[in-house]
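Chain by chain, the residues run as shown.
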Amino acid sequence: MISPLDLLTSDVLRYPLIIAVLIGLTAPVVGTFLVQKKLSLLGDGLGHVALTGVAVGWLVGAWLAASPADLLAIPGALVASMIGAIAIEYVREIGHTSRDVALAILFYGGIAGGVVIIKLAGGTSQSLMGYLFGSLSTVTGPDVVIAVVLAVVVLGIGLGLNGLLAAVTSDEEFARASGLPVRAVNVLIAMMAALTVTLSMRIVGALMVSALMIVPVAAAQTLVVGFARTMRTAMVIAVVCAVAGLVITASVDLPPGGVIVLLTIGVYVLGLVVKAVRPTPSRRPAAEPSRARA
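Here the structure is a predicted model, which is why all the values come from computation and not from measurement.

### Focus: the overall build of the protein
Working step 1: When its secondary structure is counted, the protein shows 14 helices and 0 strands.
Working step 2: When its helices and strands are written in sequence order, the protein yields α-α-α-α-α-α-α-α-α-α-α-α-α-α.
Working step 3: Counting over 294 residues, the protein shows a buried share of 46%.
Working step 4: Within the protein, contacts between residues at least 6 apart in sequence are counted, and of these 76% link residues at least 24 apart.

### Things to note about the nonpolar core
Working step 1: By size, the foremost hydrophobic cluster in this structure holds 68 residues, and its most contacted members are Leu42, Met201 and Met213.
Working step 2: Those residues in contact with Met201, other than ones at most four positions away along the chain, are Ala50, Leu51, Val54, Ala77, Gly130, Tyr131, Gly134 and Ala206.

### Some points on the side chain of Ser200
Working step 1: Considering the arrangement of structural elements, one finds Ser200 in helix H10 (residues 182-200).
Working step 2: Among the polar contacts made by the side chain of Ser200, one reaches the main-chain carbonyl oxygen of Thr196 at a distance of 2.8 Å.
Working step 3: In this view, Ser200 contacts Ile23, Gly205 and Val209; residues no more than four positions away in its chain are not counted.

### Points about the environment of Val273
Working step 1: Relative to the helices and strands, Val273 resides in helix H13 (residues 256-277).
Working step 2: Sequence separation of Val273 and Thr222 is 51 residues, and the distance between their C-alpha atoms is 9.0 Å.

### Digging into the packing of helix H7 (residues 141-160) against H10
Working step 1: It is the contact of H7 with H10, at a shortest axis distance of 9 Å, that shows an interaxial angle of 150°. As far as their axial angle goes, H10 and H7 are roughly antiparallel. Note that H7 runs across H10; the crossing there is left-handed. Listed contacts from H10 to Ala147, Leu150, Ala151, Val153, Val154, Ile157 and Gly158 of H7 are Leu188, Met192, Leu195, Thr196, Thr198 and Leu199.
Working step 2: For the contact of H7 with H10, the class distribution of residues is 10 nonpolar, 3 polar and no charged.

### Some thoughts on the packing of aromatic side chains
Working step 1: For the structure on display, the rule yields 1 aromatic pair.
Working step 2: Taking the centre distance of 5.6 Å and the plane angle of 40° together, the rings of Phe33 and Phe227 count as tilted. Within this pair, whereas Phe33 is found in helix H2 (residues 11-36), its partner Phe227 is found in helix H12 (residues 227-251), the two being separated by 194 residues in sequence.
Working step 3: Residue classification places Phe227 among the partly exposed residues on the basis of a relative accessible area of 22%.

### Side note on the environment of Gly163
Working step 1: Tracing the backbone through its elements, the reader meets Gly163 in helix H8 (residues 162-170).
Working step 2: Spatially, the C-alpha atom of Gly163 lies 10.0 Å from that of Ala228, the residues being 65 residues apart in sequence.

### What about a nonpolar patch on the surface?
Working step 1: There is a patch of nonpolar side chains on the surface, built from Leu262, Ile265, Val269, Val273 and Val277 and spanning about 450 Å² of accessible area.
Working step 2: Structurally, the position occupied by Ile265 is in helix H13.
Working step 3: Judged by its relative accessible area of 34%, Ile265 is partly exposed.

### A few points about the pattern of salt bridges
Working step 1: Applying the stated criterion across every chain, the model contains 3 salt bridges.
Working step 2: In this structure, Glu172 and Arg176 form a salt bridge, with 3.5 Å as the shortest nitrogen-oxygen distance. Note that Glu172 and Arg176 are positioned in helix H9 (residues 172-177) at a spacing of 4 residues, about one turn of the helix.
Working step 3: Among the salt bridges present, the one from Glu173 reaches Arg176, with a minimum N-O distance of 3.4 Å. Of this pair, Glu173 and Arg176 both sit in helix H9, 3 residues apart, which is roughly one turn of the helix.
Working step 4: Arg176 sits in the partly exposed class, given a relative accessible area of 38%.

Criteria and thresholds
- Residues numbered from 1 in each chain as written.
- Predicted model: local features only at pLDDT ≥ 70, side-chain atom pairs only at ≥ 80, totals over all residues.
- Heavy atoms only, no water.
- Helix = DSSP H or I, 4+ residues; strand = E, 2+ residues; numbered from the N terminus.
- Buried < 20%, exposed > 50% of the residue type's maximum accessible area, 1.4 Å probe, protein only.
- Contact = heavy atoms within 4.5 Å.
- Core = buried A, V, L, I, M, F, W, Y, C linked by side-chain atoms within 4.5 Å.
- Polar contact = N/O pair within 3.5 Å; in protein donor to acceptor, adjacent residues only side chain to side chain.
- Axes fitted to C-alpha atoms, helices over the stretch in contact; angles between N-to-C directions.
- Parallel < 35°, antiparallel > 145°, perpendicular 65-115°, else oblique.
- Left-handed = near helix turned anticlockwise from the far one by under 90°.
- Nonpolar A, V, L, I, M, F, W, Y, C, P; charged D, E, K, R; others polar.
- Phe/Tyr/Trp six-rings, centres within 6.5 Å; stacked < 30°, edge-to-face > 60°.
- Patch = residues over 30% accessible without salt bridge, like charges linked within 9 Å, V, L, I, M, F, W, Y side chains within 5 Å.
- Areas by Shrake-Rupley, 256 points an atom, 1.4 Å probe, with all protein chains shown as cover.
- Salt bridge = Lys/Arg side-chain N within 4 Å of Asp/Glu carboxyl O.

Taken by themselves, the reported measurements are silent on function.
Spelled out as structure tokens, the structure:
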């Protein structure tokens, strides 16, 4: 049985715990804007592109004889996902391609590029499994440093520019008519998603990170009303589920990303049940004629 002391004293558990808390704080911030923009699958597309970055980093590491072989995998994922974030907005705006087509290109191109390049690097498709579904044993001290830096950037932008980002995501056409930098904000949100994907790959996995952006936000929407309250509630849900999932997978040999996502889905279902049974406020009955006259 894993004790709280084990989480704080063991490097094998302490590093993932730090990253899990950072993921829980950052993913819902980005997810709130993505849900508002009806762009929930952006994280999936960027996660696939990040796999190509992992493979490229692996290939460069093999050329440089780096040790371990995946030393440059996370930096490669960061660069690839940032390029993908900019590319999707470029394809949509300049190429006049719809978002779903641009995301499909990212989906298929990212996973295909990752499988092919990892083979060129001397690895196999199994080498990508830890990045696809997350793993506790692969988290290192440098990963934590990278995660802290990325989380500070995402939270700084997401909370510091909350008003501007919310205005653009709520009504893009009105924001454009008001003179707000809509294109720049769209690119900024996509880049925030790219940073969050890179931050989350070690623990949650590239295939699961989008769920951690979106599902806590959807769960929060069943419990509270309002943009700011939804974001704060989603952050609490994500942190609790990320830490709980980490404790479970440290005790039982299960993929951490899958467990964390299932916990968030459980909270969402619970929120739906609470919303269904919660009594709706009834309207006040109309005043009687005599009382109205009085």
